[in-house]
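# Coordinate inspection notes
Chain by chain, the residues:
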Amino acid sequence: MPETPRRIAVVGAGASGTLTAAQLLRRAAALQADLEVWLVDPAPTTGDGVAYATTAAHHLLNVPAGRMSAYPDAPHHFVRWLARRAPGAHTGDDYVPRALYGEYLADVLATAVSGPGPGHLHRVHERVVGARRTDHGVTLTLGSGKALPADAAVLALGNPPPCNVWVPPALRHSPRYLPDPWTPGALERLPCDGDVLLVGTGLTMVDIALTLSRTGRAVQAISRHGLLPQPHAESPLSAAPPPSIDPGADIRRIRRALLSHISACRRTHGDWRVGIDSLRPVTTELWQHLSPADQAHFLHHDQSLWNTHRHRIPPASARALRDEIDAGRIQVASGEITDAIPTRDSVQIRLRDGRTLSVGAVVNCTGPQADVRRMDDPLVAGLLTTGLATPDPTGLGLHTTPSGRLNPADGTAPAALWTLGPLRRGALLESTAVPEIRVQAHALAATLLASESGLHMSLPHRSAFAPSGPPEHQLASGEPA
Ligand SMILES: Cc1cc2nc3c(=O)[nH]c(=O)nc-3n(C[C@H](O)[C@H](O)[C@H](O)COP(=O)(O)OP(=O)(O)OC[C@H]3O[C@@H](n4cnc5c(N)ncnc54)[C@H](O)[C@@H]3O)c2cc1C
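As the structure is a prediction and not an experimental result, all values here were calculated from the model. (Residues numbered from 1 in each chain as written. Predicted model: local features only at pLDDT ≥ 70, side-chain atom pairs only at ≥ 80, totals over all residues. Heavy atoms only, no water.)

Assignment of secondary structure puts Thr-54 in the loop between β2 (36-40) and α2 (77-85). At 3.1 Å, the side chain of Thr-54 forms a polar contact with the backbone nitrogen of Ala-56. At 2.7 Å, the side chain of Thr-54 and the side chain of His-59 are in polar contact. Among residues more than four places away in sequence, those in contact with Thr-54 are His-59, Arg-98 and Ala-99. (Helix = DSSP H or I, 4+ residues; strand = E, 2+ residues; numbered from the N terminus. Polar contact = N/O pair within 3.5 Å; in protein donor to acceptor, adjacent residues only side chain to side chain. Contact = heavy atoms within 4.5 Å.)

The following block contains the structure:
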């Protein structure tokens with residue numbers, strides 16, 4: 001990669017890609033650097049990704065608005081945007097509809113594009129199906145076969161879709177089985193006769209159960225443990241300092257120290273949530289110091305409990321869920337499917353404990369899978385095959401350097417490829433929510449445009465790029481795929 005990249009491709013226009021593109025343009029403006037950002041995603045919208053594409057008013061952010069600013073250095077940015085959009089309607093403590101957040105992200109990028117800097121954004125509505133190293137950086141191959149050469153690329157691919165390996169083969173291709181409830185329009189196509197079985201009892205299940213629940217239909221939700229996400233407190237909590245834990249301690253000592261810290265916070269602040277939330281600044285450090293065996297132990301034994309307490313649901317969602325459970329329209333239990341036989345008008349389910357269920361449809365609410373080797377994505381599969389990327393040793397996402405650069409397989413030189421967001425969970429553990437992603441996007445822009453003083457002056461290789469002109473022309477005349 002040249003020292004000062006001037007064309008950066010960002011693959012994925014969800015929150016991670018949109019924030020990265022905005023940060024790159026913002027930084028280019030500050031440096032008065034001539035930069036092209038190519039944001040590539042087949043989605044018709046920009047900013048929504050999976051989480052914010054929903055239009056359902058009851059699908060709320062699970063983080064208060066006051067913590068959802070796009071910019072870590074402007075913490076009130078989102079709340080101010082909300083105030084401009086609907087004066088007096090929201091405070092920073094509110095859990096606002098997710099659809100609003102998608103709108104906000106699109107606006108954040110539009111504002112960065114229209115800013116005073118010389119940077120340009122090209123939005124390409126295509127899937128990236130391959131990436132290879134070149135003398136000048138990387139060349140991406142698009143679904144249409146066109147090539148997009150760039151000095152560097154950021155893979156903002158988001159959460160891998162849910163895993164389907166647990167699905168009995170007879171059910172896998174049935175129209176009564178929905179493999180990913182966040183596929184646009186998928187819930188509307190679900191057969192509407194009969195009860196529905198949701199597999200998974202986490203955040204996705206809560207949203208989907210509240211969407212599907214109605215009089216005359218039972219929504220049953222099962223998972224191995226049957227644990228529901230905990231609700232946020234009804235009113236804001238005061239903060240506690242993080243516990244002082246030796247990062248070199250083993251998992252058992254850390255667990256004991258955390259439990260005693262949480263008990264202490266319950267005594268001093270009246271709520272266990274204060275203890276969990278106080279861990280944010282130290283979570284990654286503790287995770288990174290665990291031995292591989294202890295990391296595996298945590299993922300196997302502690303992860304479910306951690307997730308249900310760390311990733312909570314808004315109080316309004318918790319109340320709505322409780323009302324539906326009390327009315328008998330939603331049932332939550334532990335259970336594991338061992339067999340499923342779709343018939344013409346139902347699916348007959350057998351659970352491990354011998355119980356049987358008859359439902360009209362089964363929805364996979366197990367949440368994103370972590371193992372990139374199971375992703376059905378030609379780009380990721382190609383990177384793993386060529387050794388330009390490797391799975392993280394923990395099994396969570398891709399193996400990355402501290403700056404988010406993809407770690408290649410042994411003996412392969414690193415390519416100019418970076419990632420952020422959910423694919424960095426192996427390195428950081430917590431890397432899925434906006435408060436983490438916005439920091440990564442900010443840091444990534446700084447890394448990619450690192451040569452602050454020299455950037456504008458050292459842009460000598462224009463001929464190394466596709467000729468200028470409209471984006472379509474540039475793509476068509478780029479390197480052949
Ligand atoms: C239902 C749900 C609700 C959530 N709610 C919150 C919340 O309230 N607050 C919070 O902080 N976090 C929330 N999250 C966490 C969420 O992970 C982040 O907030 C954020 O949306 C992640 O954005 P992303 O861009 O990394 O991923 P995604 O939103 O998954 O976007 C990835 C994008 O990459 C594109 N893409 C993938 N592969 C390719 C390819 N090969 N070529 C081109 N494009 C590609 C996809 O089309 C997609 O648009 C939620 C997550 C989910 C799933």
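Read from one edge of the open sheet, five strands run β8-β15-β9-β10-β11, paired in parallel fashion. Each end of this open sheet is capped by a strand with a single partner; those strands are β8 (177-178) and β11 (330-334). Both strand β10 (residues 219-223) and β11 contribute to a ladder of five bridges, which runs parallel. Bridging from a neighbouring strand, Ile-222 pairs with Ala-333 of β11. Each of β9 (196-199), β10, β11 and β15 (361-364) is contacted by helix α5 (residues 203-212), which is oriented at about 170° to β9, the strand it contacts most. (Pairing = 2+ DSSP bridges. Axes fitted to C-alpha atoms, helices over the stretch in contact; angles between N-to-C directions.)

Soluble globular proteins: nonpolar side chains tend toward being buried together. With 74 residues, the main nonpolar core has Leu-24, Phe-78, Tyr-101, Leu-383 and Leu-417 as its most contacted residues. Counting residues per element, this core draws most heavily on helix α1 (residues 15-31), which supplies eight residues. Setting aside residues up to four positions removed in sequence, Leu-417 forms contacts with Val-138, Ala-153, Leu-155, Leu-383, Leu-388, Gly-404, Arg-405 and Leu-406. By size, the runner-up hydrophobic cluster in this structure holds 21 residues, among which are Leu-190, Ile-208, Ala-209 and Ile-330. (Core = buried A, V, L, I, M, F, W, Y, C linked by side-chain atoms within 4.5 Å. Buried < 20%, exposed > 50% of the residue type's maximum accessible area, 1.4 Å probe, protein only.)

What follows concerns the site of the ligand. By nearness alone, 33 residues border the ligand, and Ser-16, Asp-41, Tyr-52, Asn-62 and Val-434 come closest of all. Between Ala-15 and the ligand, the recorded distance is 3.1 Å, taken from a backbone N or O atom to an oxygen atom. The separation between an oxygen atom of the ligand and a polar main-chain atom of Asn-62 is 2.7 Å. If the ligand stood free it would expose 990 Å²; the protein chains cover 91% of that surface. For the shell around the ligand, the secondary structure elements donating two or more residues are α1 and α13 (434-448). Per element, the largest residue contribution to the shell around the ligand is three residues, and it comes from α13. (Near = heavy atom within 4 Å. Areas by Shrake-Rupley, 256 points an atom, 1.4 Å probe, with all protein chains shown as cover.)

On to the pairing of strand β13 (residues 347-351). Side-chain alternation along β13 places Val-347, Ile-349 and Leu-351 on a buried face and Gln-348 and Arg-350 on a face that remains uncovered. Bridge count for strand β12 (residues 337-342) against β13 is five bridges, and the pairing is antiparallel. Its bridge partner lying in β13, Pro-342 is registered against Val-347. In this antiparallel pair of consecutive strands, β12 and β13, the connection spans four residues. Inspection of the sheet shows β13 paired to strand β14 (residues 356-359) by four bridges, in the antiparallel sense. Paired with Arg-350 across the strands is Thr-356, a residue of β14.

Before going further, it helps to spend a moment on the packing of aromatic side chains. Counting across every chain of the model gives nine aromatic pairs. Here Tyr-101 and Tyr-104 contribute two aromatic rings whose centre-to-centre distance is 5.3 Å and whose plane-to-plane angle is 45°, an arrangement assigned as tilted. You can see Tyr-101 and its partner Tyr-104 sitting in helix α3 (residues 98-113), three residues apart, about one turn around the helix. Taken individually, Tyr-101 and Tyr-104 each receive the classification buried, so the pair is uniform in this respect. Ring plane angle 70° and centroid distance 6.4 Å describe the contact between Phe-298 and Trp-306, whose orientation is recorded as edge-to-face. Both residues of the pair, Phe-298 and Trp-306, belong to the buried class. These aromatic residues form a ring-pair network of at least three members: Tyr-52, Phe-78, Trp-81, Tyr-101 and Tyr-104. A cation over a ring is seen here: Arg-26 above Tyr-71, with NZ or CZ 3.9 Å from the ring centre. (Phe/Tyr/Trp six-rings, centres within 6.5 Å; stacked < 30°, edge-to-face > 60°. Lys NZ or Arg CZ within 6 Å of the ring centre and 35° of its normal.)

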